[in-house]
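# Coordinate inspection notes
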Amino acid sequence: MERLFVPSPKEYSRPSSALSLNSSPFAMDKQGKEITTVGGLKFGFDSRVPIDSLRSLYLRPHYVTTTADFDVAHSTETEFHAKFVKNKDADYQSKSIYHPNDNSISYTTLSRFPPVKLLPPSERKRILVTGGAGFVGSHLVDRLMLLGHEVTVLDNFFTGSKTTVSHWVGHPNFEMIRHDVIEPFMIECDQIYHLACPASPPHYQFNAVKTIKTSFMGTLNMLGLAKRTKARFLMSSTSEVYGDPEVHPQPEDYWGHVNPIGPRACYDEGKRVAETLTYGFHRQDGVDVRVIRIFNTFGPRMNPADGRVVSNFIIQALKGEDMTVYGDGSQTRSFQYIHDLIDGLIYLMNSDETRPVNIGNGDEFTILEFAELVRDIVMKVQREDGIEPKKVNIIHSAMPTDDPQRRRPDTTRAKQTLGWQPRWTVRMGVEEMVRYYKAKMAEGSI
């Protein structure tokens with residue numbers, strides 16, 4: 001049986017492979033410089049983390065191997081594991097074993113947690129992350145944990161998953177709690193990253209009233225907690241507050257062009273009222289607040305069924321299916337990679353900027369151009385892995401209601417006040433995400 005779940009030595013040595021957990025020329029920023037760390041030392045907060053440490057968490061094999069690859073009866077479990085996991089991160093990966101004969105998985109806990117920075121109590125913060133088991137939240141949790149802080153994740157797992165942060169369960173600095181933010185919650189904390197809310201159209205439209213309640217009641221409860229504990233509060237807003245914009249690119253002082261009764265209004269207006277509530281607490285009660293407006297973001301751990309354009313295109317191309325473009329494909333989007341967003345979140349939280357800040361990538365693509373880019377990268381990855389690629393077709397479908405025609409951030413404020421700008425190219429991020437999804441499909445997780 002083919003080994004599906006661990007990169008071969010050839011893949012580890014190939015410079016272009018995103019699955020390499022060693023520093024490689026693959027991680028090059030927009031200026032052509034190698035990316036060896038993410039984050040930075042800004043506003044007295046050191047958020048620098050080696051990129052290899054992060055990749056070892058989200059690109060690690062879910063299953064180590066299969067019993068068909070090795071005679072378990074003649075070896076210890078440790079030898080069985082070590083046969084396929086040779087890199088420096090082997091001690092920090094799951095030793096789960098897949099049994100193909102009955103399609104079962106033998107789970108085990110990590111043999112050792114990934115190393116985290118040892119901070120003195122005066123520097124170690126107690127940080128609450130709502131929605132911390134989601135796509136963005138889990139990457140933020142990884143970064144904060146590796147930096148040595150105490151992290152509590154609050155999530156009701158409507159769109160999030162325990163598997164995104166399961167590698168931290170049991171760590172003395174980590175706690176995960178199943179809780180819905182529309183209900184009050186009490187804890188002692190220094191910072192609150194409020195990310196909880198379904199963010200993709202199929203999920204937030206599934207129960208529109210619940211989405212509005214999450215945006216309003218959830219934000220109200222977390223602001224009340226911030227007021228009581230005197231914690232700094234960061235609310236994750238969205239580029240959707242600009243609706244279908246009539247100004248391009250969109251600066252933070254643009255008020256937007258939103259349909260208040262359309263199918264997307266539960267999310268758009270929910271986030272707008274959450275911003276209103278946040279600044280109400282700031283002006284009336286002196287709560288220390290931050291608001292980040294997140295533009296289209298992609299990366300590993302995105303739910304492949306969430307209906308977003310990046311995950312849709314990659315999954316369709318990997319399966320050899322026709323790629324669906326809505327409308328004629330002339331509508332534009334800008335895409336940022338997840339590590340750039342996490343940098344922006346941490347910089348803003350620890351800065352003195354209380355105004356809303358756009359975080360996004362200014363590189364703008366038409367949807368049709370982006371579909372062609374994804375198709376080319378998928379074919380490139382398949383060739384490198386010894387698979388004869390199938391060139392899929394791009395087909396067109398009806399445009400969804402209220403789908404914005406243009407979306408690109410004006411990030412002048414982020415550059416001037418935070419010293420932030422995107423480092424990851426779209427092409428580099430897409431290739432890493434293609435390899436992530438390819439591995440997940442091979443192991444049966446997708």
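Preceding this section is the structure that the text describes.
Residues numbered from 1 in each chain as written. Predicted model: local features only at pLDDT ≥ 70, side-chain atom pairs only at ≥ 80, totals over all residues. Heavy atoms only, no water.

From N to C terminus, the protein chain includes 12 helices and 20 strands. A total of 446 residues make up the protein chain; the buried ones form 56% of that total. Pairs at least 24 residues apart make up 77% of the contacts formed inside the protein chain by residues separated by at least 6 positions. Of the roughly 18,700 Å² that the protein chain leaves accessible, carbon and sulfur atoms contribute 50%. (Helix = DSSP H or I, 4+ residues; strand = E, 2+ residues; numbered from the N terminus. Buried < 20%, exposed > 50% of the residue type's maximum accessible area, 1.4 Å probe, protein only. Contact = heavy atoms within 4.5 Å. Areas by Shrake-Rupley, 256 points an atom, 1.4 Å probe, with all protein chains shown as cover.)

Here we come to the pattern of salt bridges. Under the criterion given, the structure shown has 24 salt bridges. Residue Asp180 is joined to Lys210 by a salt bridge in which the shortest nitrogen-to-oxygen separation is 2.8 Å. Residue Asp180 is located in the loop between β10 (174–178) and β11 (191–194), and its partner Lys210 is located in helix α6 (residues 208–229); the two are separated by 30 residues in the primary sequence. Across the pair Lys227 and Asp285 runs a salt bridge, and its minimum N-O distance is 3.4 Å. In this pair, Lys227 is assigned in helix α6 and Asp285 in helix α7 (residues 265–285), connecting sequence segments 58 residues apart. A residue is classified by how much of its surface remains accessible, and Lys227, at 43% relative accessible area, is partly exposed. (Salt bridge = Lys/Arg side-chain N within 4 Å of Asp/Glu carboxyl O.)

Take the environment of Phe174 next. Mapped onto the secondary structure, Phe174 falls in strand β10. Taking the C-alpha atoms as reference points, Phe174 and Glu150, separated by 24 residues in sequence, lie 6.0 Å from one another. Residues in contact with Phe174, not counting those within four places in the same chain, are Val141, Met145, Val151, Val153, Val165, Trp168 and Val169.

All right, on to unusual backbone geometry then. Each neighbour pair has its own omega, and for His248 with Pro249 the value is -10°, a cis peptide bond. For Pro249, the position within the fold is in the loop between β12 (232–238) and α7. Not every positive phi belongs to a glycine, and Phe43 is a case in point at roughly 60°. Its location among the elements puts Phe43 in the loop between β2 (41–42) and β3 (45–46). Despite not being glycine, Arg301 shows a phi value in the positive range, around 80°.

Limitation: the analysis is restricted to geometry and does not speak to function.
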